[in-house]
Number of protein chains: 2
Amino acid sequence: MEKLKEYVSVKDEDHFYHQGAVELLIFNFLLILTILTIWLFKNHRFRFLHETGGAMLYGLVMGLIIRYVTKSPDVESGTVYECEKLKSGPSTLLINITNQVYEYQYKREISHHNVNGHQGNTMLQKMTFDPSIFFNILLPPIIFHAGYSLKKRHFFRNLGSILTYAFLGTAISCVVIGLIMYGFVKAMVHIGQLKQWEFHFTDCLFFGSLMSATDPVTVLAIFHELNVDTDLYTLLFGESVLNDAVAIVLTHSISIYSPKENPNAFDAAAFFQSVGNFLGIFAGSFAMGSSYAVVTALLTKFTKLCEFPMLETGLFFLLSWSAFLSAEAAGLTGIVAVLFCGVTQAHYTYNNLSADSKMRTKQLFEFMNFLAENVIFCYMGLALFTFQNHIFNPLFIFGALVAVFVARASNIYPLSFLLNLGRKQKIPRTFQHMMMFSGLRGAIAFALAIRDTDSQPKQMMFTTALLVVFFTVWVCGGGTTAMLTWLQIRYLKPLLTHAGPPLTSTLPEWCSPVARILTSPRAYGDQLKDGDTVYIINNDELTENYESSAHIAVPAQDSTASTQATSKEDIQEGDLGLGGYKLQIQRTAGQPQNSLA
Amino acid sequence: MEKLKEYVSVKDEDHFYHQGAVELLIFNFLLILTILTIWLFKNHRFRFLHETGGAMLYGLVMGLIIRYVTKSPDVESGTVYECEKLKSGPSTLLINITNQVYEYQYKREISHHNVNGHQGNTMLQKMTFDPSIFFNILLPPIIFHAGYSLKKRHFFRNLGSILTYAFLGTAISCVVIGLIMYGFVKAMVHIGQLKQWEFHFTDCLFFGSLMSATDPVTVLAIFHELNVDTDLYTLLFGESVLNDAVAIVLTHSISIYSPKENPNAFDAAAFFQSVGNFLGIFAGSFAMGSSYAVVTALLTKFTKLCEFPMLETGLFFLLSWSAFLSAEAAGLTGIVAVLFCGVTQAHYTYNNLSADSKMRTKQLFEFMNFLAENVIFCYMGLALFTFQNHIFNPLFIFGALVAVFVARASNIYPLSFLLNLGRKQKIPRTFQHMMMFSGLRGAIAFALAIRDTDSQPKQMMFTTALLVVFFTVWVCGGGTTAMLTWLQIRYLKPLLTHAGPPLTSTLPEWCSPVARILTSPRAYGDQLKDGDTVYIINNDELTENYESSAHIAVPAQDSTASTQATSKEDIQEGDLGLGGYKLQIQRTAGQPQNSLA
């Protein structure tokens, strides 16, 4: 978002105001609209268009307005280079040989491919912000929040399966998409729709790896409030979080894979180097993330920072972010680092924090996650119209959609079959369908695609990735509720048995008379005891862990023992409001709150 | 901070990582160091170097390291423009006729004036971020927090005096500094140190207006924890917050003041136009800020958003930020808008919020304020070495220091004299000395100065402003404790009478044996009842207001009545942890907490 500003700040005239304010204001406006819509939807339990889909829709409409309503002030951007300003002797000279002014080399290159003729609309340029903002500012809080609020018990119970899906599954998905796309590309070249030189097999693999990132943002956002089975949720969540990390490292490895001779031929040495890179980067990022968390844990243990909750929160926040930044700076993958940093922070540091800091960190990351998530989805909507170098190739897009689904199927079903051979608690068929269906593509695929749009193939990939995201979020995301119903994961058990969750809190409002009749009185009280149908509330897992570990930890930490003893009650108090809007829904449904903590 | 990134992202080689990560990491590192130092200082009640001064010091050291230790990879920045990348047909051509590569017109201009010969050190360029980030990202939370946590009762009791100091005082200060600087400039021209054309009288006035912004950041940070008299605090706080707003609008008005003929001659028409501009901008910004707060109040009143604390907090945050951005976009002053938005939000919207949102908003803005404040001060330290176009003119700097103090004196003493003629409760002589002494220059003066560094005079002003900030923060800021002691505002009353605050909590640790002997037992309990020596705790004022207004407001708000009734207790609970580290200090001093709420 900040990137936008320097375009304006170049102009001297309105030096004192307006620098980037309009662009930020547009985002604010979109977010405010989104929040009001979310509230409206939540209030009416309307779930066919999800909030992320809504944010994207608003972004789309705003993009449309910016593109076709605002005028293109070509002349305005020309005034930057008035001759009188050169009196002090320029060190470089910018000679404009078209009607466009571009500050950057890579922008200049791209502009040539502009297929829509909307050159020079500065508003469009301003609304297109730097991909590094995605990576350095918007993604870390989302991924950290995912790690920090991971339901650890369920996660480790399903660790083997999650790792299999994440590593093996993503590799399968990448190769399958790569192969299918290569087939499509060959066919397109054959019918003359594409020039041969544009697409190598490595490009297809690159596309395959970036399209293999199923999005935790969307998956989480949708499942978080659908009260699905905890094991399914953890499986899906763990897979999508880890698989992002894998996809990112994979994309990186492929992008630096450089066979010496023919780029289409298989080069064993380069391949193994890529595999080595992949493993090295993954392990390094993991180590980097965990180390920062360990440092935070030690700092919070041995200093009495807990007397100053804000300093503690600040330190926690900065060290966690540093994990991400250090990894990026060291050539590793920040997303992986910050993910494992989050997991480790929740496991260790969290127990050292003061009660106040526990609340603060939870709320802070919840809030940042919420904002970042919605900014990304708004921006995705915007990008369809404001990004100026789209290359729409219907055949390629169709191919990508086919490839994405085939790849997802050849990832989930065979792996589930294999895993079920070894698992005591089998992954049922319905779960597999649900995992297949919920392989949404979201922020990460988009961010990976937008990171490199220098060449025509990359631009085509970006456009295609964006449309695949739209399709999966709107169609699959919107249809999740229907799918869950159809697969009988959600409503059937409470309908046919006394088990919770009560239908009154899961069915839409207009069904409430029916729901009230069909729900057993026991369901209201039972829901939280039954391990199989536990509500998905991110934050109380942390509390659980805290409470169980507090008794063990006290003897070791003399200095903080008194704080811990007194703070246990505080946490229960604090948690009343902490589950966020999730908890509030339940409260309105009339259940006793204290059974949670 | 984000601005830094595009320098790196231009390079294709390390496209996949590192984009801006190192620069952000440096800031993170500085902030972590600062936090640890603050903790150390607080722990030992060491107050001779204040945290803002500390942050600045670390920034300075880091700037020194970046400047003299990192090498200058001139060649590196040249690789951006490889010819092979131009294959797709460039629309513009950048011809480099020196050894430097600059993306921007204004950078190109500046580079000519580079006096230190450190051209082409890309690390230095990267660490210099866009001034608009100050204005759009870092300042709003600080100013909003100031408005949101204003002690309203004391503020309105002293409103007349505050307005007089803010409006009349700032105008006096601006003119006095302008005149003195004009005298210095004339003298410098006379002895041949300066060329005539460089400085007009309007430039001097411009400098006067930007140097008239006494900083609420520093003043607040220092006085907030020094337990000074509430009236003095409110007077100082109100003055410094409002006077910033006035100084910003004044600077803006002067910068667009353009007499038709001789720039040194007085042009009545242009002058009155400037005065008109000033009043219009101020009133407009006030209206803009209040309107957004009113919209937020109505939204939170009529929707049941309080069921979803995070959405509510999000809406609150976004609408408040929008107040700032809208004002900037409309050509008004965002700082003024966001200040009055904060005041109005605290007065109205706060009462509509759920207990959870009350906590969340307070903590969120407290945290953002803390981070933004320290980033700014770190950056100020950095800027001394990383900004590449400093013009150090000893005579000008000396003149500025003299002017700043003379101007402060001719603002405070005459106005206090006049005000005392009308005030029932006089402003004592010691207060006046303290106000005189605490006229620190900080973030706003710096931000105003860095906003425009295109010409040599502006660069000289920037360098001078930076040094004046250093001087006032370190010397005046560091000496505040000594000054308060010397002026007998702080320790004498508790020493000689039974009144609080107890000396054990105000004196440094090593004095504690003496302090314990000299403190009356009554002081521990009395301190919070005595209106004259009330502790300065920002947040409890809000609670107070809430509680007094709740009884009146309930009948009008049927829908939220039940929530309000139940939430009153919650707030008291919540507030226990909310005063942040301030409250914790008192807790360790062993006073009963509940007497606060």
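All values derive from a computational prediction rather than experimental measurement.

1. Quick notes on the overall build of chain A
Item 1. Helices and strands together make up the secondary structure of chain A, namely 28 helices and 1 strand.
Item 2. Within chain A, buried positions represent 66% of all 597 residues.
Item 3. Sequence separation of 24 or more characterises 81% of the internal contacts of chain A that already satisfy a separation of 6 or more.

2. Observations concerning the nonpolar core
Item 1. One finds Met380(A) and Met380(B) to be the most contacted residues of the largest nonpolar core, which totals 280 residues.
Item 2. If we skip the residues at most four places from it in the chain, Met380(B) touches Met56(B), Gly442(B), Ala443(B), Phe446(B), Leu466(B), Val469(B) and Phe470(B).

3. Digging into the packing of helix α7 (residues 131-148) of chain B against helix α19 (residues 443-450) of chain B
Residue and element names in this part refer to chain B.
Item 1. Packing of α7 against α19 leaves a shortest axis separation of 10 Å and a crossing angle of 160°. Comparing the axis directions of α7 and α19 gives the class roughly antiparallel. Helix-helix and strand crossings are classified by hand; for α7 and α19 the assignment is left-handed. In this structure, α7 contributes Pro 131, Phe 134, Phe 135, Leu 139 and Ile 143 to the contact, and α19 contributes Ala 443, Ile 444, Phe 446, Ala 447, Leu 448 and Ile 450.
Item 2. In terms of residue class, the contact of α7 with α19 is built from 11 nonpolar, no polar and no charged.

4. Overview of the packing of helix α12 (residues 230-255) of chain B against helix α15 (residues 334-352) of chain B
Residue and element names in this part refer to chain B.
Item 1. It is at 8 Å that the axes of α12 and α15 come closest, and there the two elements cross at 150°. One finds that α12 runs roughly antiparallel with respect to α15. Between α12 and α15 lies a crossing whose hand is left-handed. In this structure, α12 uses Val 241, Leu 242, Ala 245, Ile 248 and Val 249 to contact α15, whose residues at the interface are Ile 335, Val 336, Leu 339 and Phe 340.

5. Examining empty space enclosed by the protein
Item 1. Computed from the structure, the largest cavity encloses a volume of approximately 1200 Å³.
Item 2. Every element with two or more residues in the lining of the largest cavity is listed here: α2 (21-43), α7 (131-148), α14 (309-329) and α16 (355-386) of chain A together with α2 (21-43), α7, α14 (309-329) and α16 (355-386) of chain B.

6. Concerning the side chain of Asn369(B)
Item 1. Looking at the element boundaries, Asn369(B) is found in helix α16.
Item 2. When its relative accessible area of 12% is taken as the criterion, Asn369(B) is described as buried.

7. Things to note about the environment of Met62(A)
Residue and element names in this part refer to chain A.
Item 1. Within the fold, Met 62 resides in helix α3 (residues 51-68).
Item 2. The exposure class assigned to Met 62 is buried, which follows from its relative accessible area of 12%.
Item 3. With 35 residues separating them along the chain, Met 62 and Phe 27 place their C-alpha atoms 9.6 Å apart.
Item 4. Filtering out sequence-adjacent residues up to four positions away, Met 62 remains in contact with Ile 26, Phe 29, Leu 30 and Leu 382.

8. Focus on the environment of Val468(B)
Item 1. Structurally, Val468(B) can be placed in helix α20 (residues 456-478).
Item 2. Setting aside anything within four residues of it in sequence, one finds Val468(B) in contact with Met211(B), Ala400(B), Leu401(B), Val404(B) and Arg441(B).

9. Points about the pattern of salt bridges
Item 1. Tallied over the entire structure, the rule returns 8 salt bridges over all chains.
Item 2. Between Glu366(B) and Arg360(A) there is a salt bridge whose closest N-O contact spans 3.3 Å. One end of the pair, Glu366(B), is in helix α16; the other, Arg360(A), is in helix α16, on a second chain.
Item 3. Taking relative accessible area as the criterion, Glu366(B) reaches 9% and is therefore assigned buried.
Item 4. For Asp356(B), the salt bridge goes to Arg360(B), with nearest N and O atoms at 3.5 Å.

10. Let's talk about the confidence of the model for chain A
Residue and element names in this part refer to chain A.
Item 1. Within chain A, residue pLDDT values average 71, and 62% of them lie at 70 or more.
Item 2. Scored below 50 in pLDDT, residues 1-17 shows 71 contacts in the model against residues more than four places distant or in partner chains.
Item 3. Across residues 526-597 the pLDDT falls below 50, and counting only partners more than four positions away or on other chains, this stretch makes 134 contacts in the model.
Item 4. Reported confidence for the predicted complex is 0.73 by ipTM and 0.74 by pTM.

Reading guide: rules and limits
- Every chain is numbered on its own, with residues counted from 1 as its sequence reads.
- Throughout, the order in which chains and ligands are written sets their labels, letters from A for the former and numbers from 1 for the latter.
- This being a predicted model, a pLDDT of at least 70 is required before a residue's local features are given, and a value of 80 or more before pairs of side-chain atoms are given or counted; all residues contribute to the totals for chains, interfaces and linings.
- Working from all heavy atoms in the structure, the side-chain values ignore hydrogens and water.
- Secondary structure elements are taken from DSSP: a helix is a run of H or I of four residues or more, a strand is a run of E of two residues or more, and numbering for both begins at the N terminus.
- Only protein chains enter the accessibility calculation, which uses a 1.4 Å probe. A residue is then buried if its area is under 20% of the maximum for its type, exposed if over 50%, and partly exposed in between.
- Between two residues, a contact is recorded if the distance between any of their heavy atoms is within 4.5 Å.
- Here the nonpolar core consists of buried residues drawn from Ala, Val, Leu, Ile, Met, Phe, Trp, Tyr and Cys, with membership extended through side-chain atoms lying within 4.5 Å.
- Here an angle of 0 to 180 degrees is reported between the N-to-C directions of two axes, which are lines fitted to C-alpha atoms, with helices fitted over the stretch in contact.
- For classification purposes, angles smaller than 35 degrees are called roughly parallel, those larger than 145 roughly antiparallel, those between 65 and 115 roughly perpendicular, and all remaining angles oblique.
- Left-handed is the label given to a crossing in which the near helix is rotated counterclockwise from the far helix by less than a right angle, and right-handed is the label when the rotation is clockwise.
- Asp, Glu, Lys and Arg are counted as charged, while Ala, Val, Leu, Ile, Met, Phe, Trp, Tyr, Cys and Pro are counted as nonpolar; the rest, among them Gly, fall into the polar class.
- Cavities and pockets were defined on a 1 Å grid built over protein atoms only: a cavity is a set of grid points that admits a 1.4 Å probe from which the probe cannot escape, a pocket is an open set flanked by protein on both sides within 12 Å along at least five of seven lines, and lining residues are those with an atom within 4 Å of any such point.
- Grid points are joined across faces, edges and corners, and a volume is the space filled by probe spheres set on the points.
- We define a salt bridge as a side-chain nitrogen of Lys or Arg found within 4 Å of a carboxyl oxygen belonging to Asp or Glu.
- Predictor confidence is given residue by residue as pLDDT, running from a minimum of 0 to a maximum of 100.

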